[in-house]
Amino acid sequence: AAPAAPPPAAKRKAAPSAYTLWGHDNRARLGEELTAARGEKPSFGDMCKAMSEGWKAVPAAEKAPYEQRAAAAKAEQAASDPQVPKGKNAPKVPKESKPASKGKGKG
């Protein structure tokens, strides 16, 4: 038998954004408000919409602590886990070649 392939490298979780931190702190309150208004548990889509609208309505002064926490989490992650950059600066990873198919086809 062939030796087992090494496990894939663990993906690094992205540092939470200010919106994500705010949503975590306010998700329960928004859910309760929607449930009270509708008389039933809100759907996932309804929660996402309410959170998005809620974040847009938050004044800049109230967003500042969340933005500071997000920046600190991002800096901490970059310092503790320097990894390969993402996006345009990411190195090209070669794809594994597939074996030639033995099915019907031109060839």
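Look up: the structure comes first, before these words.
Conventions adopted
Residues numbered from 1 in each chain as written. Predicted model: local features only at pLDDT ≥ 70, side-chain atom pairs only at ≥ 80, totals over all residues. Heavy atoms only, no water. Helix = DSSP H or I, 4+ residues; strand = E, 2+ residues; numbered from the N terminus. Buried < 20%, exposed > 50% of the residue type's maximum accessible area, 1.4 Å probe, protein only. Contact = heavy atoms within 4.5 Å. Areas by Shrake-Rupley, 256 points an atom, 1.4 Å probe, with all protein chains shown as cover. Expected span 1.5 Å × (residues − 1). Core = buried A, V, L, I, M, F, W, Y, C linked by side-chain atoms within 4.5 Å.

Caption draft 1: Spotlight on the overall build of the chain. Assigned secondary structure in the chain consists of 3 helices and 0 strands. Going residue by residue from the N terminus, the α and β elements of the chain occur as α-α-α. The buried share of the chain, taken over its 107 residues, is 17%. Within the chain, contacts between residues at least 6 apart in sequence are counted, and of these 62% link residues at least 24 apart. Summing over all exposed atoms, the chain offers an accessible surface of approximately 9,300 Å²; the carbon and sulfur share of this is 58%.

Caption draft 2: Geometry of helix α3 (residues 60–80). With 21 residues, α3 extends 30 Å between its outermost C-alpha atoms, agreeing within 8% with the 30 Å of an ideal straight helix rising 1.5 Å per residue. The complete set of buried residues in α3 reads K63, Y66, A70 and Q77.

Caption draft 3: Structural view of the environment of A72. Position of A72 among the secondary structure elements: in helix α3. For A72, a relative accessible area of 44% puts it in the partly exposed group.

Caption draft 4: Summary view of the nonpolar core. By size, the foremost hydrophobic cluster in this structure holds 12 residues: A18, L21, W22, L30, L34, M47, A50, M51, W55, V58, Y66 and A70. Broken down by secondary-structure element, the contributors of at least two residues to this core are α1 (18–38), α2 (44–57) and α3. Broken down by element, this core gets its largest block of residues, 5 residues, from α1. Contacts of L30, omitting those with residues within four sequence positions, involve W22, M47, A50 and M51.

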